[in-house]
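Topology and contacts: notes
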Amino acid sequence: MPAILLAVTGLDPQPWEQRLRALAPQRDIYLWPQRLGDPADVAYACAWNAPRGLFARLPRLETIFSLGAGVDHILADPQLPDVPVVRIVDPDLTMRMTEYVVLHVLMHHRRQRLYDAQQRERMWREHEQAPANTVAVGVMGLGVLGRAAAVALARLGFRVAGWSRTPKALPDVETFHGDDGLDAFIRRTEILVCLLPATPATQGMLDRKLICKLKRDGAAGAYLINAARGTLQVDADILAALEEGLLAGATLDVFACEPLPAASPLWRHPRVTITPHNAAASDPHALAANVLRQIERFEQGLPLEHVVDRARGY
Ligand code: NDP
Ligand code: OXD
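Residues numbered from 1 in each chain as written. Chains lettered and ligands numbered in written order. Predicted model: local features only at pLDDT ≥ 70, side-chain atom pairs only at ≥ 80, totals over all residues. Heavy atoms only, no water.

Every residue lining ligand 2 is accounted for by Trp 48, Gly 68, Ala 69, Gly 70, Arg 229, His 277 and Ala 280. Backbone polar atom of Ala 69 to an oxygen atom of ligand 2: 2.7 Å apart, as the coordinates give it. Backbone polar atom of Gly 70 to an oxygen atom of ligand 2: 2.8 Å apart, as the coordinates give it. In isolation ligand 2 exposes 210 Å². Once the protein is present, 87% of that is buried. (Near = heavy atom within 4 Å. Polar contact = N/O pair within 3.5 Å; in protein donor to acceptor, adjacent residues only side chain to side chain. Areas by Shrake-Rupley, 256 points an atom, 1.4 Å probe, with all protein chains shown as cover.)

Put into structure tokens, the structure is as follows:
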């Protein structure tokens, strides 16, 4: 039976290995770099930040599965073989991201950081609270994750809009698309949520020019939430925007260099909330079955789902 190779860096492979073995005891599960077996046995690679050039050394490789929703870590391999690349689309992952986005939008909207600071001072002081239906949230990226987050925020009553590459229609969400729609989308947005993939077109998008255009006349000010990829944000521009009052605060889950180096001034900024790239962690208990289901489909001659469009980059 064709083997599965687990090739991950930056996360613990053990829970994935255990889960794959438990669900598919009949399969050989190889683990890079400890237990490689014969490379010619490997038909499926399950990857997260795998070393460049590894896939090219697997002569019978049929499919590469990203262990997350993003595939930038796979498409960046200059020796990537011409096999389908499949990404994770799963309700478990989607719900985690929705929770994260709703949590951080509400933290800003309800000024929780301010109340935390007041509590440390034993200060009992109430601040003006705008109703959600006066606050404009904008979600960049209306894919699987962006759509779910936008709809959840709209249900909470926020004035939600979304921006994508191609036109979309969503209940209770105003939609914008393409380069032509970006300006109007940003100018009506106070709380900006980024859920775009990392591609050449999105690199460095969250910069000073874009931040300057955010709407900032609401009670709580403009806020940035990046739960997509660190390469989209320009850290120096975000820090300068915080100092100049262009941004009231930011929640950052992702960074160009991860883990975020200890020397980064973002760590100590009082209005920056940092999380360790866990907005929507890939939980092997939920997702190993997703990958194995796809392998079964493939072996039954059914089409793989959620195959990445390499030309588009996501
Ligand atoms: P999808 O591929 O489903 O959606 C991507 C969306 O981005 C689409 O709506 C697409 O538009 C839009 N888009 C892409 N390029 C552009 C562009 N140049 N201009 C405008 N819109 C664009 O991805 P997911 O929603 O599943 O995931 C999004 C990203 O979230 C992942 O790529 C990953 O990087 C990140 N992520 C982060 C996690 C974390 O824990 N921090 C966890 C999971 C994912 P269209 O539909 O028109 O093509
Ligand atoms: C993902 C991620 O892409 O966790 O799924 O970043």
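The next thing to look at is the packing of helix H1 (residues 14-23) against helix H9 (residues 284-299). One can describe the packing of H1 onto H9 by two numbers: an axis separation of 9 Å at closest approach and a directional angle of 55°. Classed by the angle they form, the pair H1 and H9 counts as oblique. Taken as a pair, H1 and H9 cross one another with a handedness that is right-handed. Across the interface between the two elements, Pro 15, Trp 16, Arg 19, Leu 20 and Leu 23 from H1 touch Pro 284, His 285, Leu 287, Ala 288, Ala 289 and Leu 292 from H9. Grouping the amino acids of the contact of H1 with H9 by side-chain chemistry returns nine nonpolar, one polar and one charged. (Axes fitted to C-alpha atoms, helices over the stretch in contact; angles between N-to-C directions. Helix = DSSP H or I, 4+ residues; strand = E, 2+ residues; numbered from the N terminus. Parallel < 35°, antiparallel > 145°, perpendicular 65-115°, else oblique. Left-handed = near helix turned anticlockwise from the far one by under 90°. Contact = heavy atoms within 4.5 Å. Nonpolar A, V, L, I, M, F, W, Y, C, P; charged D, E, K, R; others polar.)

Moving on, we come to the layout of surface pockets. Roughly 420 Å³ of volume is contained in the second largest pocket. As for the second largest pocket, its lining consists of 17 residues, and the residues nearest its centre are Arg 111, Arg 113, Leu 114, Ala 248 and Arg 271. Those elements that place two or more of their residues in the lining of the second largest pocket are helix H3 (91-109) and helix H4 (112-120). For the lining of the second largest pocket, the class distribution of residues is eight nonpolar, four polar and five charged. (1 Å grid on protein atoms, 1.4 Å probe; cavity = no way out; pocket = protein on both sides within 12 Å on 5 of 7 lines; lining within 4 Å. Points joined across faces, edges and corners; volume = space filled by probe spheres on them.)

Before going further, it helps to spend a moment on the packing of aromatic side chains. The final tally for this structure, using the stated rule, is three aromatic pairs. Above the plane of the ring of Tyr 314 lies Arg 312, whose end atom (NZ or CZ) is 3.9 Å from the centre. (Phe/Tyr/Trp six-rings, centres within 6.5 Å; stacked < 30°, edge-to-face > 60°. Lys NZ or Arg CZ within 6 Å of the ring centre and 35° of its normal.)

Next up on the list: the environment of Val 135. Mapped onto the secondary structure, Val 135 falls in the loop between H4 and strand E6 (136-140). You can call Val 135 buried: its relative accessible area is 8%. Put simply, Val 135 and Phe 158 are 23 residues apart on the chain and 5.7 Å apart in space, counted from C-alpha to C-alpha. Ignoring anything within four residues of it in the chain, the contact list for Val 135 reads His 109, Ala 130, Phe 158, Arg 159, Glu 190 and Ile 191. (Buried < 20%, exposed > 50% of the residue type's maximum accessible area, 1.4 Å probe, protein only.)

The strands making up a sheet associate through hydrogen bonds between their backbones, and the pairing can be parallel or antiparallel. Read across the sheet, five strands follow the order E2-E1-E3-E4-E5 without closing on themselves; strand pairing throughout is parallel. Of all the strands in the sheet, the pair left with one neighbour each is strand E2 (29-31) and strand E5 (85-86). With four bridges connecting them, strand E3 (residues 42-48) and strand E4 (residues 63-66) associate as parallel partners. Within E4, the position partnered with Tyr 44 by the bridge is Thr 63. (Pairing = 2+ DSSP bridges.)

This next bit is on the pattern of salt bridges. If you walk through the whole model with that rule in mind, you get 14 salt bridges. We note a salt bridge from Glu 17 to Arg 35, for which the minimum N-O separation is 2.2 Å. One end of the pair, Glu 17, is in helix H1; the other, Arg 35, is in the loop between E2 and E3, and 18 residues separate them in sequence. For Arg 297, the salt bridge goes to Glu 305, with nearest N and O atoms at 3.8 Å. (Salt bridge = Lys/Arg side-chain N within 4 Å of Asp/Glu carboxyl O.)

What is shown is where atoms sit, not what they do.
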